[in-house]
Structures are given as structure tokens and as C-alpha cells.
Amino acid sequence: MHKLQLINISKSFGSQTVLKNLSLEIFPNELFIILGSSGGGKTTLLLGIIGLQPFDSGRVIIDGVDVTNLSPGERNIGYVPQNYALFPNYTVFENIAFGLRLRNTPKDIIQTKVRQIIDNFSLHGLEYHFPSQLSGGQMQRVALARALIIEPSLLLLDEPVSALDIETRQKIKAELKEVQKKLHVTMVYITHDQQETLEMADRFGILNEGKIEQYGSPDEVFYKPESLFVARFLNTENILEGKVIHKFGNKVTIQINDIILKMFTPLELPEGKRVTVCIRPGAIHLSTHPAHPGKNVFTGTIESIHPIGRDLEVKVLVTPQETLKTRISRTAVKKLKLTHGMPVNLSIDEAYVHLIPVP
Amino acid sequence: MKNFYLKTANRAFEGTNYFLSFILIFFMFFIIGSLFFTTTPSAFFQQMSSRVVLISVAVTFGSSFIASLIVFVFSIPTAYILSRKNFPGKRFLETMVVDLPLSFPPGVDALILLILLSKTGILGKFLGRFGISIPYTFAAVVLAKLFASIPFMVSFVREAFDRVDKNIENVAYTLGASPFQIFYKLTFPLSLWGVLKGLITALSKSLGEIGATLILAGGLTSSTGTMSVLIYFATQKGEMDKAIALAIILEFLTFILLTIIKFFFKETDHKIHA
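Bear in mind that the values here come from a model prediction, so they are computed numbers and not experimental data. (Residues numbered from 1 in each chain as written. Chains lettered and ligands numbered in written order. Predicted model: local features only at pLDDT ≥ 70, side-chain atom pairs only at ≥ 80, totals over all residues.)

Trainee: Give a detailed account of the overall build of chain B, specifying residues and quantitative values.
Mentor: In terms of regular secondary structure, chain B is built from 13 helices and zero strands. When the helices and strands of chain B are read in sequence order from the N terminus, they spell out α-α-α-α-α-α-α-α-α-α-α-α-α. In terms of principal-axis extent, the alpha carbons of chain B reach across some 65 × 60 × 35 Å. Counting all 274 residues of chain B, 34% fall into the buried class. Residue pairs in contact within chain B that sit at least 24 positions apart in sequence constitute 78% of those at least 6 positions apart. (Helix = DSSP H or I, 4+ residues; strand = E, 2+ residues; numbered from the N terminus. Buried ≥ 20, exposed ≤ 12 C-beta atoms within 10 Å, placed from the backbone. Contact = placed C-beta atoms within 7 Å.)

Trainee: Could you give an account of the confidence of the model for chain B, with specific residues and numbers?
Mentor: Model confidence for chain B is summarised by a mean pLDDT of 87, while 96% of its residues fall at 70 or above. Across chain B, element-level confidence peaks in helix α8 (residues 166-174) of chain B with a mean pLDDT of 95 and bottoms out in helix α13 (residues 240-273) of chain B with 76. (pLDDT = per-residue confidence, 0-100.)

Trainee: Mind laying out the interface of chain A and chain B, listing which residues take part and the relevant values?
Mentor: The partner chain B presents 18 residues to the 20 residues of chain A that form the contact. Of the residues in the side of chain A that touches chain B, the class split is 13 nonpolar, six polar and one charged. (Nonpolar A, V, L, I, M, F, W, Y, C, P; charged D, E, K, R; others polar.)

Trainee: Provide a residue-level description of the domain arrangement of chain B, including the pertinent values.
Mentor: In terms of domain boundaries, chain B breaks down into domain 1 (1-35) and domain 2 (51-273). Spacing between the C-alpha centres of domain 1 of chain B and domain 2 of chain B amounts to 35 Å. (Domains from an automatic or database assignment.)

Trainee: Tell me about the sheet that holds strand β2 (residues 16-26) of chain A, and please be specific about residues and values.
Mentor: Residue and element names in this part refer to chain A. Taken together, the four strands give an open sheet; going across it, the order is β2-β1-β4-β5, and neighbouring strands pair in antiparallel fashion. Each of the sheet's edge strands pairs with one partner strand only, and the pair in question is β2 and β5 (65-66). Where strand β4 (residues 57-62) and β5 come together, two bridges link them in antiparallel fashion. Within β5, the residue paired with I61 across the bridge is D66. (Pairing = 2+ DSSP bridges.)

Trainee: Hey, could you go over the domain arrangement of chain A for me, with residue numbers and the actual values?
Mentor: All names here are of chain A. By the assigned domains, chain A splits into domain 1 (4-232) and domain 2 (236-357). Here the C-alpha centroids of domain 1 and domain 2 sit 39 Å apart. Looking at the side of domain 1 that touches domain 2 element by element, the count peaks at three residues for helix α8 (residues 228-233). Here the residues of the side of domain 1 that touches domain 2 sort into four nonpolar, one polar and three charged.

Trainee: Tell me about the UniProt feature "transmembrane region" (unreviewed entry) in chain B, residues and numbers included.
Mentor: Residues and elements named next belong to chain B. Using the residue numbers shown here, the UniProt feature "transmembrane region" (unreviewed entry) corresponds to residues 20-40, 52-82, 102-122, 134-157, 182-200, 212-232 and 244-265. Helix and strand shares over residues 102-122 are 71% and 0% respectively, and the end C-alpha atoms of the span are 25 Å apart. Overall, residues 134-157 shows 83% helix and 0% strand. The separation of its end C-alpha atoms is 29 Å. (UniProt positions renumbered as here; feature names shortened; annotations may be inferred.)

Trainee: Could you give an account of helix α3 (residues 51-84) of chain B, naming the residues involved and the relevant values?
Mentor: Along its 34 residues, α3 of chain B runs 49 Å from first to last C-alpha, staying within 8% of the 50 Å computed at 1.5 Å per residue. Approximately 30° is the largest bend angle found in α3 of chain B, and it occurs at S75 of chain B, with the proline P77 of chain B only one to four residues beyond. (Expected span 1.5 Å × (residues − 1). Bend = angle between axes of the 7 residues up to and from the residue.)

Trainee: I'd like to hear about the packing of helix α5 (residues 106-117) of chain B against helix α7 (residues 138-163) of chain B, residue by residue, with values.
Mentor: Residues and elements named next belong to chain B. Across the interface, α5 lies against α7 with an axial gap of 9 Å and an inter-helix angle of 135°. Regarding the angle of α5 to α7, the classification is oblique. Note on packing geometry: the crossing formed by α5 with α7 is right-handed. Side by side, α5 and α7 meet where P106, D109, A110 and L113 of the first sit next to L143, A144, F147 and A148 of the second. The class makeup of the residues in the contact of α5 with α7 is seven nonpolar, no polar and one charged. (Axes fitted to C-alpha atoms, helices over the stretch in contact; angles between N-to-C directions. Parallel < 35°, antiparallel > 145°, perpendicular 65-115°, else oblique. Left-handed = near helix turned anticlockwise from the far one by under 90°.)

Trainee: I'd like a description of the nonpolar core, backed by residues and values.
Mentor: Ranked by internal contacts, the top residues of the largest apolar core, which has 151 residues, are L156 and V188 of chain A together with A144, L216 and L246 of chain B. The leading source of residues in this core is α7 of chain B, at 16 residues. In this structure L156 of chain A touches L46, I49, I50, I77, G78, Y79 and V188 of chain A, once residues within four positions along its chain are discounted. (Core = buried A, V, L, I, M, F, W, Y, C linked by C-beta atoms within 7 Å.)

Trainee: Describe the sheet that holds strand β14 (residues 274-279) of chain A, with residues and values.
Mentor: All names here are of chain A. The sheet built from five strands is open, its strands ordered β13-β12-β11-β14-β20 with antiparallel pairing. Both outer strands of the open sheet, β13 (259-264) and β20 (353-357), are each paired with one neighbouring strand and no more. Looking at each pair of strands side by side, their axes are set apart by 40° on average, direction ignored. Alignment of strand β11 (residues 238-248) against strand β12 (residues 251-256), held across five bridges, turns out to be antiparallel. Pairing of H246 across the sheet is with T253, part of β12.

Trainee: Help me get a handle on α7 of chain B, residues and values and all.
Mentor: Residue and element names in this part refer to chain B. Taking 1.5 Å as the rise per residue, α7 with 26 residues should run 38 Å; its terminal C-alpha atoms sit 37 Å apart, in good agreement. Most pronounced at S149, the bend in α7 amounts to some 40°, and the proline P151 follows within four residues. Within α7, 21 of the 26 residues are buried, which leaves the element mostly enclosed by the surrounding structure.

Trainee: Go over the UniProt feature "domain: ABC transmembrane type-1" (unreviewed entry) in chain B with me, naming the residues and quoting the values.
Mentor: Summarizing the sequence annotation, UniProt attributes the feature "domain: ABC transmembrane type-1" (unreviewed entry) to residues 57-261 of chain B in the numbering used throughout. From the first C-alpha to the last, residues 57-261 of chain B spans 19 Å; its make-up is 80% helix and 0% strand.

Trainee: How would you explain the pairing of strand β19 (residues 343-348) of chain A if you had to name every residue and give the values?
Mentor: Successive side chains on a regular strand alternate, one facing one side of the sheet and the next facing the other. All names here are of chain A. Here strand β15 (residues 284-287) pairs with β19 via four bridges, running antiparallel. Bridge pairing in β19 places S287 opposite N345. Sheet analysis places strand β16 (residues 297-308) next to β19, joined by five bridges and oriented antiparallel. Note that in β19 the partner of G300 across the bridge is V344.

Trainee: How would you sum up the pairing of strand β3 (residues 31-35) of chain A? Please name residues and give values.
Mentor: All names here are of chain A. Counting buried residues in β3 gives five out of five residues, a clear majority hidden from the surface. Covered by surrounding structure in β3 are L31, I33 and L35 together with F32 and I34, the residues of both alternating faces. The sheet contact formed by β3 and strand β9 (residues 203-208) spans four bridges and is parallel. Of the residues in β9, the one forming a bridge with I33 is F204.

Trainee: Describe unusual backbone geometry, listing the residues and the values that go with them.
Mentor: All names here are of chain A. Positive phi, close to 45°, is recorded for N8, a residue that is not glycine. Inspection of the secondary structure assignment puts N8 in strand β1 (residues 4-13). When the 13 C-beta atoms within 10 Å are taken as the criterion, N8 is described as partly exposed. Of note in this structure, S122 is not a glycine but carries a positive phi near 50°. Tracing the backbone through its elements, the reader meets S122 in the loop between α3 (107-120) and α4 (136-148).

Trainee: Any details on the packing of helix α2 (residues 92-102) of chain A against α4 of chain A? Residues and values, ideally.
Mentor: Residue and element names in this part refer to chain A. Running from N to C, α2 and α4 point in directions that differ by 25°, and their axes come no closer than 7 Å. Relative to α4, α2 is oriented roughly parallel. At the point where α2 passes α4, the crossing takes the right-handed sense. When α2 is examined against α4, the residues V92, N95, I96, F98 and G99 are found in contact with a partner set consisting of V142, A145 and R146. Residue composition of the contact of α2 with α4, by class: five nonpolar, two polar and one charged.

As C-alpha cells, this is what we get:
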């Protein structure tokens, strides 16, 4: 049960400020992901938490203890870098035992602990192999075992699956989640991969221009972005500009050119207020049956159909100015015989429509 | 048509590579090999048993080993600092320790040293108080070889240290290792092949060094007469049998020595980077 607090962290390299008064709290036993684009300061933040590259200002607190001025070895943090950084001149056994040997742990305890972790990570038979003889997945497991054997307060992982093929990546992600739950480890994980973030994170934060732009559970951040940057960064498919034309209690009516959207919102939005409307494809239901006129039902024509991963993205022109994007499976497209120019009906589930007030 | 040109260009590239490599290799073998046919076995063995030749072998290898050992001891920390630390004046230091000596003929360093170590020089005066005089002694031979080989060793070792993945050291820090433990458990063993390359180059430079030795040590006495210097004097005097015998011994022993070192280290390195 270990908690990490970062308070007013700042770091600059020359005239370039990489981290600006960043504050963040990571709860015990959670897998927290820091999501950001390349060169956005993710690694700087990670190296600072470890103590390898001290911050210019701010404090790092683990379990209530200020570790800002402690050396990396004294912070008791496990670290798995992107390339795993296994020690090439040591065998798997020696790599895993490295931290224990530095702590002068008795030989019999080292043997027991290493054997146990080798069992946990399915590394049987590889004890006397050198890292150059291991596959990517095996290297990843050795790196994890080496970091976890010292029973760290916190485990930091720098893009741990980015170097793996898709199959191994899926396997390792599942294993990481399992390890986290089984060993009750607090993990901080950095990546630029949204998909990975949504699959893995208990909570995540988006790092932008040296600050955490928004943090929360994947559902919270993914469906309720608090800023246009977050909405765009998370590739929200439908980002539309509109204004509040009617408000009654929690009910609002939004006009987006010729589209009129009715919904509930907890936000205080006066009539005339400009808003950014974010709609995920999952909130838009497409059908070829004649529409029953009702709330948030629109007719339009198919403008394009593009493959996106396993699904297809269907772009529907609902007014001369506005298109809405939705996703449906390839089999549904075949079943509905969707083609370019075909008239379709869209109904929007208001529960998944999110509004961001324009400042 | 495009394919035809591409194939022709590829063939021309391959052919040129083989042709130029063959000329170079043939030239090297011809030069080294012809050495063995420029003397008779009896003349060679007669020279080999001469006291002057045997002493010069001892002086050459003895001084080269001592110089290489000193170079090794001083180059490792210097290369480590240049590789790992950032400080004002680092570039200037690199230029002074590596670049400048590499581009300067060793004779220039030797001339400066000779002036400094002469009876009227700053260092010479200081050492004179303790009854020590360096020029034209065995120590001068070692010093000359030292200056000829230092920049090579520092350069190679620094490059080897630079190649060690910083993440490896970072992980070791998080596991509780001290900088010294990281150096002897990881950085140095992982740089071994580069260190060896530096050592081989330093040793080779030492064994063949002549300019600086001639200036600083003279080479006229038995304790300063290295093989290279004796070859030079023998050639000047027209004693070709002696020069050839010395050249053959120098080449042969150097070849054996470097092969042994390379083989030993390659085995160690292979275990790490297999």
C-alpha cells in the first residue's frame, strides 16, 4: 500500500521549461498512466521521480516521506526502462539477484527469493541464459522480476511494451495487470499509446506543456474531456462548435448550425454560451429504417466509409455544414448494405454527449 | 532497363570492392612477407643471438609494457570523466588530451618534454634536486612511448564507455548500487572490448614508436636502444642484415602478442554479446 505525491514539480533544460508546477497524487495499488506525446516531458518526470535527474523545484513524497533529496537507491523505487536495460554480462539469475546482492542479503535467502520470482514470471530453464539469448517478452519479464524482487514502494515503467510485437504486447499487458493485482504494487507507467492507456490504466493523466492537463479513470477522461486539447489529443471523433439556445434546469438545447441537440448537463451554461460538443461514435446509432421523429434523431447521407482497425468509420452528412462520424462492424456494414450516398438515420444517445464550455 | 542498370551498378560496386581490397591485402602481404626473403637463415640467426639485438628486444618490450600499463591506469579514469561528466572546459580538455596529441607528431611532444626535463628546464631542475635525470635513460624511452600512445587509449576507452547504455546504469542506481559498484560490475566489463582495442593500439604504437624515443632517449646506449631505433641506425649504417633481423623479430613478436590478447578478450566478450 504505497502512495506517491508530486507537489509543484518544475524542471527546465536551459531556456526550455519541460515541467511547470506539476502536482499529482497516485493512490496505493493503482496503475497510473502518464499519457503524452513524444518529447512532452514524460521521461523527464519519470527520471525525476526516480531521482536520476533531480527536479529544479518541488517535492516527491512516498507514503508521506519526503524523498526529494534522497539518492535513487534510497528511494526504493523499481524501474523498468523502455529497452529493459538488462545487464548483458550477467545471467537471468544474476540480473534478478543483483539488487539483493547489493543489499548483502544472505545467499540462501537470495536463492529462495529468486527461485520464487522465477516461478511467478515463468522463467524456468532460463536462469543461466544471458540477456542476448532471450526473446522480447522474456526480457520484459526478467526486467520486471529484477525490479520487483527488492519489494519497491513504487514501480515505474517507461513505455514497457512499445518494443514488442502485437501478440507479445497483448500477453505482457495482461501479465502486468495480473502482477499489479497479485502483488499489490503501485505502478506508474508512461506511454504515448492511447489504446494501451485505455486498456491498462486504473487512472491516467494527460501531460501537456509540462502540466497534467486532466486526470481520472479512462471512462471519465475519454468520455468527458475537460478541454479542447484533451478532446483532440484523445481523437474524439466528433468535435462540433455550437451554442446554448435554451436552458431549463439541467436541460439544454444546443444549436450546431442546423442541428438541434437536446440533452441534460450538470454544467451551468447560460443561454447564448458557446460550447464544444464532443460525441464519441459509440453514442451514435446508425440505421437504414425510416426514422421516427424524436429527440436527437437526424437523417443524412453517407459521405464515406473508411476502415479503422477492425471496424469501419461511416461519415454521414447531416446538414450541408456538418458531418457526424460513427463506427460499425464490417459485418453490420455488409448486412445493412451501406454504400456511398445512401440515406441513413442517426440517433444520438445524449448520455454520451459531452459539453466543454468555450472560454 | 532500370533493372539492368541497377544490376550493372551492383556488379560494378562488388567488383570494385573485391579488386581494391585484393590490391591492398596483396600489398600488405607482399611487404611483410618479402621481409622474410631479404635475408638468409644463417644471417638471421647470427643477428638474433647478438647481445645488442637481444637487449633491444628486452628494452622495446619492457618499455612498451610499462608504458601501456601506465597508460591503462591513467586513461581509464580520464576516459570515464570525459564520458560521464559535464563540466566547463570539457571540450578544451578533450582537445588537449585526445585531439591535439593525435594530430601532432609524437616528436613534438618529445621535444617539449626534452626542454622541460633538461637540466635547465622546470621539471629537470626539480628532479635534479633528488639526483634524478630523465633524458637519455630507460625512463625517457617509457615516457616517449607513453605520450605516443595516451591519446589512442583515452579515445578508444571513452568511446567504449559512451556506448554503454545509460539505462543500464540508471537501473543499477535504483537497485542501490554506488557509482563505484556500477563501474566495476557493469560499465567496465561492458566496455572491455573497447578497452582492449585501446590497449592493443597503445601497445602497437609503443612497440613501433621511434620519433619521440630518438629525441628524448637518443637510443645510443644499451638501455635506450629500442628495436625501431636500432633498425633506423642499422639502415643508416648499411647494416641491412641487422635491420632485417630486428624487423622480422619485431613483426613476429608483435603479431603473436596481439593475437593472444585479441583471442583472450574475444572469448570473454563473446559470452556477453553472443
